[in-house]
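Breakdown of the fold
Take a look at the letters that make up each chain.
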Amino acid sequence: TAYFPTLVFQANVAGSEALNQKLLDAIYADREEDEKGLVKSNVAALGGWHSGVSIHKAQEYSALVRNVNDATRGLSEELGYSDKTKMKIGSMWSIINPPGAMNVAHVHPGCMWSGVYYVQSPEKSGNISFTDPRTVQLMNQAKFQQGQKRPRDCWTKVNFTPRAGKMIIFPSWLYHSVNVNKSEEKDRAGNRVIISFNISQHGR
């Protein structure tokens, strides 16, 4: 029996190829308007760019917002959340990581769930890495048999390979980082482009 599990939801967005092309156009247009962007978990010195955090209010992102709402509606039903509440996006932003860029470990305070949608993810462009949040795993880690795969219940880190059209939703308190983009693609084709969002529960 598993108690106090850390849940990570995954979904594939239908029609993502056409959607992603429109999103790429919108994201690069945003970057042209604000070349500096924000500095948060991204490392600007390595070339990472972070948009403003209200893109969910723009028409260009409405199709993705609908997909996020559909996913969180299913999450609410699966977890048995009150039908007198509704999950709503509080913030949404895009990030462009060119080769050499990464995101440092962080959490998203002030919300319940956070997510990432992969718009473009060339090979070796940087896995998202989740770290076991339990303090005991940092203080006194067990030793396991060498050469043997440990049980999943004993993992202390989980990596997800990015894939265009995939959405991942995870608890906002779960520490996560993004590995260095080592793509060998040229120009924009080598960029890891994502859209992230925060979600909270509100009364209807």
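See above for the structure.
As a starting point, this report considers the structure included with it. (Residues numbered from 1 in each chain as written. Predicted model: local features only at pLDDT ≥ 70, side-chain atom pairs only at ≥ 80, totals over all residues. Heavy atoms only, no water.)

Turning our attention to the packing of aromatic side chains. All chains considered together, the criterion is met by four aromatic pairs. Relative to Phe 160, the ring of Phe 130 has its centre 5.7 Å away and its plane inclined at 80 degrees; by these criteria the two rings are edge-to-face. A residue pair is termed long-range when its members are at least 10 positions apart, and Phe 130 in strand β6 (residues 128-131) and Phe 160 in strand β7 (residues 157-160) qualify at 30 residues. On the basis of relative accessible area, Phe 130 is assigned to the buried category, the value being 4%. (Phe/Tyr/Trp six-rings, centres within 6.5 Å; stacked < 30°, edge-to-face > 60°. Helix = DSSP H or I, 4+ residues; strand = E, 2+ residues; numbered from the N terminus. Buried < 20%, exposed > 50% of the residue type's maximum accessible area, 1.4 Å probe, protein only.)

Okay, the pairing of strand β5 (residues 113-120) next. In terms of burial, β5 is a largely internal element, eight of the eight residues being buried. Alignment of β5 against strand β8 (residues 166-171), held across five bridges, turns out to be antiparallel. Across the sheet, the residue bridging to Gly 115 is Ile 169, located in β8. Sheet topology note: the β5/strand β10 (residues 192-203) ladder contains seven bridges and is antiparallel. Bridging across to β10, Gln 120 finds its partner in Val 193. (Pairing = 2+ DSSP bridges.)

From the geometry alone we can't say anything about function, so treat these as descriptive.
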